[in-house]
Amino acid sequence: MRGMSNTIRTRRTVRAAATLLAGALALSLTACGSDDDKSSDGGATPKESGASVSLPKLDGKSLEVAAVWTGAEQANFKKVLAEFEKRTGAKVTFVPAQDPIINFLGSKVAGGQPPDVAMLPQPGAIKQAVDKGWAKPLGAAALKELQKNYSQGWQDIGKIGGKQYGVYYKAANKSLIWYNAKVFENAGASEPKTWAELLTTAQTVYDSGVTPFSVGGADGWTLTDWFENIYLSQAGPEKYDQLAKHEIKWTDPSVKAALTTLAQAWGKKDYVAGGAAGALQTDFPTSVTQTFSGGDQPKAGMVYEGDFAQVNIVQAGAKVGTDAKVFPFPAVGDSSPVVSGGDAAVILKDSEAAQALATFLASPEAATIQAKLGGYLSPNKNVPDSAYPNAVQQKMAKSLIAAGDDFRFDMSDQAPQAFGGTPGKGEWKALQDFLKNPTNVAGTQATLESGAAAAYGN
């Protein structure tokens, strides 16, 4: 499914969601210090959100679940799977996958050993799994749980041809810029609300002796996220939807405008940690940790990425809300963007056990387990706010749920995986080349259009 349903397609509703997000995060995140953390961390027991999800007894049954998650993200998800094992008696094995996951799954299918369930990070990947005949529709129990706990927009992203295939277990708020509070304090920098103010803030940080931006250019998806936030805010939601479905070409003037804007940050001398060459060798986790380590002289003062960066901030030994603070991605056009992403559970081997796991992952009980561990947001509207471990995450979760259907899903994740989700190809590679040479706007547009035309076939 390359695009969402035709609900919620107005600039007004997107602006309302952006305003809500900005308000939630700007509630002086300086207030997200020790008192908040103590009251909501660790031992707090979230309130029950209705009756527990009903699961069958599955003693003797076994399941394999594949996902590209590594590190803390994988470890935390395994705790959710452990709870499913405890409740049902089934044995669940986590299978580490590689990007692009569709290629990984293809090799498993060809070998006759597909996992029972796969966590797919793109709507485009769900569509491919359906088109190839791999994915199985959700059964009645999983559908009931999904409909009870999710807004229509989040349900629709997991539908192909009117049938429900995906349970969006994990969501991401991808319209955030994290900053080193000590760097901002030393520089006298303030949180920007517009793109022009962001560039002023960057110069203020630079003048204080710290490189403004850390960019994880080794992972091409981080670069697409930069572009998408600028494009959504500057070109507007209608154009965003058209480009996401390749109804307009990447040679469109709106793409030229967004790339030109992006070059104001990437192309300014010494604004990117390590320069372009260094950024292209920096993976996403390192882009975060190098912003929040090194005392008063970290490698950068700011890093753009989603709420999930909190996991890496903690790994750097920094504290969210005090050492690491956050502001909404600044408005380039009329409003700040609201870009979301997510990972959906899709059944590849239909069975009572696989359907039960999908049902569990659609429940607030499953999401609450991982919410308490941090670095995670759920689109499940019945997960209590108190499940999240600090005030910053609680505000992000409230913003996500309150936005309802008023958001735009990550554009590259809606694209065919060959264009929007493959290392060294398509959009990822084109934007890595653009990071290397931000003056080449027209050439980048031509490359993007060539790759999109081949992948979409339109």
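Residues numbered from 1 in each chain as written. Predicted model: local features only at pLDDT ≥ 70, side-chain atom pairs only at ≥ 80, totals over all residues. Heavy atoms only, no water.

Focus on the overall build of the chain
The criterion, for reference: Numbering of helices and strands runs from the N terminus, with a helix taken as a DSSP run of H or I at least four residues long and a strand as a DSSP run of E at least two residues long. Here the term buried applies to any residue with accessible area under 20% of the maximum for its type, exposed to any over 50%, and partly exposed to those in between, with areas from a 1.4 Å probe on protein chains only. By definition, residues are in contact when any of their heavy atoms lie within 4.5 Å. The Shrake-Rupley method, run with a 1.4 Å probe sphere, supplies the accessible areas, and residue values consider only the shown protein chains as cover.
Regarding its fold elements, the chain presents 22 helices and 12 strands. Across the 458 residues of the chain, 59% fall into the buried class. Taking all contacts inside the chain whose residues are at least 6 apart in sequence as the whole, residues at least 24 apart take part in 79%. Taken as a whole, the chain presents about 16,700 Å² of accessible surface, with 50% of it coming from carbon and sulfur.

Notes on the packing of aromatic side chains
Spelled out, the test is: Here a Phe, Tyr or Trp ring, Trp counted by its six-membered ring, pairs with any other such ring whose centre lies within 6.5 Å, and the pair is stacked when the planes are under 30 degrees apart, edge-to-face when over 60, and tilted otherwise.
A full pass over the atoms with the stated rule returns 26 aromatic pairs. Between Tyr304 and Phe329 the ring centres are 5.6 Å apart and the planes differ by 90°, which places this aromatic pair in the edge-to-face class. Of the two residues, Tyr304 sits in strand 9 (residues 302-304) while Phe329 sits in the loop between strand 10 (324-328) and strand 11 (339-347), which places them 25 residues apart along the sequence. Like Phe329, Tyr304 is buried.

A closer look at helix 4 (residues 101-110)
Within the sequence span of helix 4, burial applies to Ile101, Ile102, Phe104, Leu105 and Gly106. Buried residues belonging to helix 4 abut strand 1 (62-67), strand 2 (91-96), strand 3 (117-120), helix 5 (123-131) and helix 20 (417-420). Positive phi appears at Gly112, one or two residues downstream of helix 4, with a value of about 75°.

Structural notes on the sheet that holds strand 7 (residues 176-180)
To keep it simple, the criterion reads: If DSSP finds at least two bridges between two strands, the strands pair. Angles run from 0 to 180 degrees between N-to-C directions of axes, and those axes are lines fitted to C-alpha atoms, restricted for helices to the stretch in contact.
Here we have 4 strands laid out as an open sheet, ordered 8-9-7-10, and mixed in their pairing. Since the sheet does not close on itself, it has two edges, and those belong to strand 8 (213-214) and strand 10, each with one partner. When strand 7 meets strand 10, the two strands line up antiparallel, connected through 5 bridges. Counted as the bridge partner of Tyr179 is Lys325 from strand 10. Across the sheet, helix 9 (residues 195-207) is in contact with strand 7, strand 8, strand 9 and strand 10; its angle to strand 9 comes to roughly 145°.

Focus on the pairing of strand 3
Residues in a regular strand point their side chains to alternate faces of the sheet. Burial along strand 3 is two-sided: the residues Val117 and Met119 and Ala118 and Leu120 are all buried. Where strand 1 lies against strand 3, 2 bridges are found, and the strand directions are parallel. Opposite Ala66, over in strand 3, you have Ala118 as the bridge partner. Across 4 bridges, the pairing between strand 3 and strand 11 is antiparallel. Its bridge partner lying in strand 11, Met119 is registered against Ala345.

Focus: the pairing of strand 11
Counting buried positions over the 9 residues of strand 11 gives 9, a clear majority of the element. The sheet contact formed by strand 6 (residues 166-173) and strand 11 spans 7 bridges and is antiparallel. Bridging across to strand 11, Val167 finds its partner in Ala345. With 2 bridges joining them, strand 11 and strand 12 (residues 408-409) adopt parallel strand pairing. Along strand 12, the bridge assignment pairs Ser340 with Phe409.

Description of the confidence of the model for the chain
Cut-off, in case you're wondering: What pLDDT expresses is the predictor's confidence in each residue, scored from 0 to 100.
Averaged over all residues, the pLDDT of the chain is 88; the fraction at 70 or higher stands at 89%. Considering only residues more than four positions removed or in separate chains, one finds that residues 1-51, a stretch of pLDDT under 50, has 109 contacts.

Some details on the side chain of Asp225
Here is the rule: Whenever a nitrogen or oxygen atom comes within 3.5 Å of another N or O atom, the pair is scored as a polar contact, on the condition that within protein one atom can donate a hydrogen and the other can accept it, and that pairs from neighbouring residues in sequence are kept only if both atoms are in side chains.
Among the secondary structure elements, Asp225 is positioned in helix 10 (residues 220-235). A polar side-chain atom of Asp225 sits 3.0 Å from a polar atom in the side chain of Lys174. For Asp225, the residues in contact, after removing those within four places along its chain, are Lys174, Tyr304, Glu305 and Asp410.

Focus on the environment of Val205
With respect to the secondary-structure elements, Val205 resides in helix 9. Sequence separation between Val205 and Ala300 is 95 residues, and the spatial gap between their C-alpha atoms is 9.0 Å.

Details of the nonpolar core
Keep this limit in mind: We define a nonpolar core as any set of buried Ala, Val, Leu, Ile, Met, Phe, Trp, Tyr and Cys residues linked to one another through side-chain atoms lying within 4.5 Å.
Ranked by internal contacts, the top residues of the largest apolar core, which has 85 residues, are Phe77, Phe84 and Trp178. When residues in this core are grouped by element, the largest group, 7 residues, is from helix 16 (residues 352-361). Setting aside chain neighbours within four positions, we find Phe77 in contact with Val65, Trp69, Phe94, Met119, Tyr169, Leu361 and Gln370. Ranked by size, the runner-up nonpolar core spans 51 residues in total, among them Val215, Phe227, Ala258 and Tyr304.

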